[in-house]
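Architecture at a glance
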Amino acid sequence: MLHPQPKLGFRFARTGTMALAFSYLRMSRPEQIKGDSLRRQLEASREYATKHGLTLNETMQDLGVSAFRGKNRTEGTLSTFLDLIRDGEIPSGSVLLVENLDRLSREQVTTALRLFLSIIDAGVSIVTLSDGQVYSKAEVDRDFTKLLMSIVYMARAHDESAMKSARLVESWKAKRARAQADPRVKLTGSIPGWLTINKARTEFRVREDRAAIVRRLFEECLSGIGSRMCARRLNEEGVIPFGRAKGWRNTSIRQILTSEAVIGRFQPGVMKDGVRVPEGPPIEGYFPAIVPEDLFFRAQKAMTGRRKGSAGRDKGTFTNLFRGIVRCGHCGGPMYYHTSGGLPEGQGWLQCDIARRRVRKDGQLVCSHLKTHHYETLENYVLACLPDIDISQVLDLENQATAALREELRQVEPRLASALAKQKRLVTMAEDVGPDGSSEVDDALAGRIAELRSEIGALRTRKRELEGRLQSTRAAVADGEHELMMAALEHMQHLGEIEDRSERYRARAAFAQDLKRFIERIDINEAFADVIPHGGEGIALVLDPVEFVKQYGGPHPQ
């Protein structure tokens, strides 16, 4: 709907014995609402009510609601009016004022006729203001030609809408076919904020200043910086957003990061019953690509990983390097990071979030281990133990012969994840449409889901092929990776020398992202932490020597 619908005010004091009149206004297109149609219909209703001594109710307005698929009948204020008629809340002798019968319905004539008869059978007259015709049960019974004329009007209204709909569909099909054959053909002037289009609407042009912002967002996403922090940083720097919003928001950042328009892809769609459904396959090369495809899909994978492993939000300093990988050793829940008393950066505490929130299952606490652990101690110990991790067990680094296979696999995996996510959204959309939805919507959704299944099957096959070839030709060479990790650790030791807060945040976020390549998780118990690398042997770090001796009765391991 284009505007919120007013609540119906049918319960009001009646003046003497004056009958009630209800003015029903329906307009489906924005240009009608912006124009003179609303005022014209209201004035006509008021004149009729005054002339015939009726008490007028003006609360029935379905603005931006189509009658072609009956949405006004099932969801609009007309639906509420019909319910009140069935409940006997609308007194017999009332009048429903409409400009024309097509304001009530543009559905198939049999459906429109049932609606028409249900109203007049309840003793409510329908008056069409354009020609002054009165349709009541008594009038129709007395002169059946009125019923015949109403059927003709209803049939004509449906045929007009059906013809317009068919022409629009065929027009868009033709446009999409031309765009599929030649990406230079542009379907619409609605374009991403980092592009402009010439007056002839034949060519997109990149706004390099905005494209640079988009590329920055993708790079920061890969560095581990979330959409909320990206928005905050842009606002602090005074970067003007692309649209009309007064500032950047995390939702607008996510829209950019998930938009395939950045890699040049456009997914045509159509609105059916208020639901936008994909129409046909995506058009490659429709927009100018401003982000490399591998960067886009790596960003999708990074965002998915953060959603799965999120364990709280840092407030501008990226204090917690282990966000998403540090877990409670007792229940496996995430560790909650918090500070108290204005402690300096890094000097916070970790505590089991499930225990902190006193989560219960079947009346019992899921975890009762409320002990807090000094974060700075954990960070120092973990960074100190990283050189002892056997990198050859953690990573299978390939030689040049397998590098191309590895890179293709890195692109196939997020594309597969993206296709699976789209399929899930479409299935949910199909379920939301429900059994009363349009068959055209069902067919469109089913067709797109079938296309995605085919794409998913092809991607899975290719993924298996790549994994098989990698397994047969893999060569583990860990020295270079070990040197990179050492360089990163050395860089971390000098983070305190970075005065610029924003740059320090970026450096810690980038290191935290790299850290996830080596460490699968960190399990914290009362006395120690288990640092568990991917595929390698874990390292036990004693965090509380006193507690360790108390529990295990001996010297702690070094």
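Preceding block: the structure.
Right, let's walk through the structure included here. (Residues numbered from 1 in each chain as written. Predicted model: local features only at pLDDT ≥ 70, side-chain atom pairs only at ≥ 80, totals over all residues. Heavy atoms only, no water.)

1. A look at the pairing of strand β3 (residues 95–98)
Applied cut-off: For every residue, the accessible area obtained with a 1.4 Å probe (protein chains only) is divided by the maximum for its type, and the residue is called buried under 20%, exposed over 50%, and partly exposed between those limits. Secondary structure elements are defined from DSSP: runs of H or I of at least 4 residues count as helices, runs of E of at least 2 residues count as strands, and each element is numbered from the N terminus. A pair of strands is labelled paired if DSSP reports no fewer than 2 bridges between them.
Burial along β3 is two-sided: Val95 and Leu97 and Leu96 and Val98, pointing in opposite directions, are all buried. Where strand β1 (residues 20–27) and β3 come together, three bridges link them in parallel fashion. Within β3, the position partnered with Phe22 by the bridge is Leu96. With four bridges connecting them, β3 and strand β4 (residues 125–128) associate as parallel partners. Bridging from a neighbouring strand, Leu97 pairs with Val127 of β4.

2. Comments concerning the sheet that holds strand β12 (residues 349–352)
Across the sheet, three strands lie side by side as β11-β12-β15; this open sheet has antiparallel pairing. Where the open sheet ends on each side, the last strands, each with one partner, are β11 (335–338) and β15 (373–374). Summarising the sheet, β11 and β12 pair through four bridges and their orientation is antiparallel. Paired with Tyr337 across the strands is Leu350, a residue of β12.

3. A word on the packing of aromatic side chains
Our working definition: Only centres within 6.5 Å qualify two rings of Phe, Tyr or Trp (six-membered ring in Trp) as a pair; their planes then separate them into stacked at under 30 degrees, edge-to-face at over 60, and tilted for everything else.
A complete count under the given rule lists twelve aromatic pairs for this structure. Ring plane angle 45 degrees and centroid distance 5.2 Å describe the contact between Phe204 and Phe287, whose orientation is recorded as tilted. On the criterion of sequence distance, the pair formed by Phe204 in strand β7 (residues 204–206) and Phe287 in the loop between β9 (275–278) and α11 (293–309) is long-range, its members being 83 residues apart. Each of the two residues, Phe204 as well as Phe287, counts as buried. With a centroid separation of 4.6 Å and 25 degrees between ring planes, the pair formed by Phe266 and Tyr286 is classed as stacked.

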